[in-house]
Amino acid sequence: MLRKVIYGNIQGRKVFILFILTNLVYLLMLNFTIPKVMGFGNGMKLLDMMPSGYNFEYVTALFDALGQEGRDAYLFNQIPVDMFYPGLFGITYCLLIAYFLNKLNKLESKLYYLCLVPLLAGLADYLENMGIINLLTSYPDFSNTSVAVTNIFTLVKSGATVIYYVVLMITIVMFAIKAVRKVKVHRTKK
């Protein structure tokens, strides 16, 4: 069923519109909601922005530094916007890789499963957000276990995102090589 949905939505225009929408939401977070929250925490990085993870001590120090107003900004400004982004990321980048694989005539191969990597990243991002909500709402009484579980979701999100971007770059290079070869063949036939 998922394969049918992917195949039915890999038109260039649709993928491009989703790409623009996804990146507009991302820019909103990068330029407004994240800096706003970080401003309360003396520049400490938010949990969402720590690809190598964090520990109990860091979360405690961050939430202490944010104060009540900063924790509220995290919970009521950043997190709501970040509840749109993982779904957009997963869907958009799943379709983007499928679009390029289709152009390379590789979507029918086992490479199809690479389309699922951004969906995994999006799912992990949602679970990370749920963990952060739990930490924010239970502060200062959150447990080391709840931090560790949330951190696992952060690491999975980060790892899947890195894998995705590496795969995307390789796919785009392969697509570009194919396009250049096609142009060369076309020129030699003239």
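The rules behind the values
- Residues numbered from 1 in each chain as written.
- Predicted model: local features only at pLDDT ≥ 70, side-chain atom pairs only at ≥ 80, totals over all residues.
- Heavy atoms only, no water.
- Helix = DSSP H or I, 4+ residues; strand = E, 2+ residues; numbered from the N terminus.
- Buried < 20%, exposed > 50% of the residue type's maximum accessible area, 1.4 Å probe, protein only.
- Salt bridge = Lys/Arg side-chain N within 4 Å of Asp/Glu carboxyl O.

(A) A look at the overall build of the protein. Check the secondary structure of the protein and you find 6 helices and 0 strands. Tracing the protein from N to C terminus, the helices and strands come up as α-α-α-α-α-α. For the protein, the spread of C-alpha atoms along the principal axes amounts to about 70 × 30 × 25 Å. Within the protein, the fraction of its 190 residues that count as buried is 39%.

(B) Highlighting the pattern of salt bridges. In the structure shown here, the tally under the stated rule is 1 salt bridge. For Lys157, the salt bridge is made with Glu128, and the minimal N-O distance between the two is 3.0 Å. Of this pair, Lys157 sits in helix α6 (residues 144-189) while Glu128 sits in helix α5 (residues 117-138); the two residues are 29 residues apart in sequence, bridging distant segments of the chain. For the residue pair Lys157 and Glu128, the accessibility class agrees, reading buried in each case.

(C) Summary view of unusual backbone geometry. Cis geometry is adopted by the peptide bond preceding Pro140, which originates at Tyr139 and carries an omega value of 5°. By secondary structure assignment, the location of Pro140 is in the loop between α5 and α6. The phi dihedral of Asn42 falls on the positive side, at around 55°, and the residue is not glycine. Within the secondary structure, Asn42 sits in the loop between α2 (12-40) and α3 (56-82). For Asn42, a relative accessible area of 72% translates into the label exposed. The residue Asn105 is not glycine, and still its phi comes out positive at about 60°. What makes Asn105 exposed here is its relative accessible area of 64%.

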